[in-house]
Amino acid sequence: MLSEQAYRDIDREISKYPADQKQSAVMAALTIAQTEKGWVSPEVVRDVAGYLGMPPIAVQEVATFYSMYSTQPVGRFTLTICTNLPCALQGSGEAAEYLKEKLGIGFHETTPDGLFTLAEGECMGACGDAPVVLANGKHMCCRMQPEKIDALIRDLKESA
């Protein structure tokens, strides 16, 4: 299911824990799998569970509890905007509406071309830089006004 490199990466994470507690690497394993596959499918859950010696339901519980895992297919680029109160007070609601209009989708939807998925997120720890958009769960974009949103979307499209 996963590539040999993914299993090596998971093994590296497992090595950080006592030998009898490799299930402690479940979050890291899910992150590695999602990075490779794009989302955490039922097959990925079963594969990670088998590799870590866990019941699939235990892995599924982790995958569905934490918002950083996508258990449905997503676009090539996931844009998550913080809608927590501090960001909302600094314009995240307006930025979210602009993103929805610009992409032609709502939260938890993917553009017809499969490029973008829009998500709503909780605190990203950058309240002073609001509104904040997290691109693909890794790149934090701050003070996202319409012109910066336009530039982000343009840059991501060009990189596709």
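All of these numbers come straight from a predicted model, not from anything done at the bench.

Undergrad: Any details on the sheet that holds strand E5 (residues 139-141)? Residues and values, ideally.
TA: Read across the open sheet, the five strands follow the order E2-E3-E1-E4-E5; overall the sheet is mixed. Each having just a single partner strand, strand E2 (109-110) and E5 make up the two edges of the open sheet. Where E2 meets strand E3 (residues 116-121), two bridges bridge the pair, whose relative direction is antiparallel. Bridging from a neighbouring strand, Glu109 pairs with Leu118 of E3. Strands strand E1 (77-82), E3 and strand E4 (133-135) of the sheet are contacted by helix H6 (residues 92-103), whose axis makes an angle of about 155 degrees with E1.

Undergrad: Hey, could you go over the pattern of salt bridges for me, with residue numbers and the actual values?
TA: This model, assessed by the stated rule, comprises eight salt bridges. The residue Lys16 makes a salt bridge to Glu13 at a minimum N-O spacing of 3.0 Å. For Glu43, the salt bridge identified is with Arg46, shortest N-O distance 3.7 Å. Of the two residues, Glu43 and Arg46 both sit in helix H3 (residues 42-52), three residues apart, roughly one turn of that helix. The exposure class of Glu43 is partly exposed, given its relative accessible area of 40%. Look at the salt bridges and you will find they share partners, linking Asp9, Arg12, Glu13 and Lys16 into a network.

Undergrad: Describe in detail a nonpolar patch on the surface, supporting the description with residues and values.
TA: Nonpolar side chains collect at one region of the surface, where Phe65, Tyr66 and Met68 lie side by side and expose about 330 Å² of accessible area between them. Tracing the sequence through the fold places Tyr66 in the loop between helix H4 (56-65) and E1. Note on Tyr66: relative accessible area 32%, which makes it partly exposed.

Undergrad: Please set out the packing of aromatic side chains residue by residue, giving values where relevant.
TA: The tally for this structure, following the rule as stated, stands at three aromatic pairs. Centre to centre, the rings of Tyr7 and Tyr51 are 4.8 Å apart; their planes meet at 35 degrees, and the pair counts as tilted. Taken as a pair, Tyr7 in helix H1 (residues 4-14) and Tyr51 in helix H3 lie far apart in primary sequence, 44 residues in all. Take Tyr7: its relative accessible area is 13%, and that puts it in the buried class. Centroid distance Phe65 to Tyr66: 4.8 Å. Interplanar angle 85 degrees. Geometry classified as edge-to-face. Exposure remark for Phe65: the relative accessible area of 63% places this residue in the exposed category.

Undergrad: Go over the nonpolar core, please, and point to the residues and values.
TA: Grouped together as the largest cluster of nonpolar side chains are 23 residues, with contacts concentrated most on Ile10, Val26, Leu30, Val40, Val48, Leu52 and Val59. At the level of elements, H1, helix H2 (26-37), H3 and H4 are the ones that each hand at least two residues to this core. Formed by 20 residues, the second largest nonpolar core is a distinct cluster that contains Phe107, Phe116, Ile149 and Leu152.

Undergrad: Now, about the side chain of Thr80: what can you tell me, with residues and values included?
TA: Locating Thr80 in the fold gives a position in strand E1. In contact with Thr80, not counting residues within four places along its chain, are Ala119, Glu120, Gly121, Met124, Val132, Val133 and Leu134.

Undergrad: Tell me about the pairing of E3, residues and numbers included.
TA: A large share of E3 lies buried, amounting to five of its six residues. Of the pairings in the sheet, the one linking E1 to E3 comprises six bridges and is parallel in character. Bridged to Cys82 within E3 is Gly121.

What counts, and where the lines are drawn
- Residues numbered from 1 in each chain as written.
- Predicted model: local features only at pLDDT ≥ 70, side-chain atom pairs only at ≥ 80, totals over all residues.
- Heavy atoms only, no water.
- Pairing = 2+ DSSP bridges.
- Helix = DSSP H or I, 4+ residues; strand = E, 2+ residues; numbered from the N terminus.
- Contact = heavy atoms within 4.5 Å.
- Axes fitted to C-alpha atoms, helices over the stretch in contact; angles between N-to-C directions.
- Salt bridge = Lys/Arg side-chain N within 4 Å of Asp/Glu carboxyl O.
- Buried < 20%, exposed > 50% of the residue type's maximum accessible area, 1.4 Å probe, protein only.
- Patch = residues over 30% accessible without salt bridge, like charges linked within 9 Å, V, L, I, M, F, W, Y side chains within 5 Å.
- Areas by Shrake-Rupley, 256 points an atom, 1.4 Å probe, with all protein chains shown as cover.
- Phe/Tyr/Trp six-rings, centres within 6.5 Å; stacked < 30°, edge-to-face > 60°.
- Core = buried A, V, L, I, M, F, W, Y, C linked by side-chain atoms within 4.5 Å.

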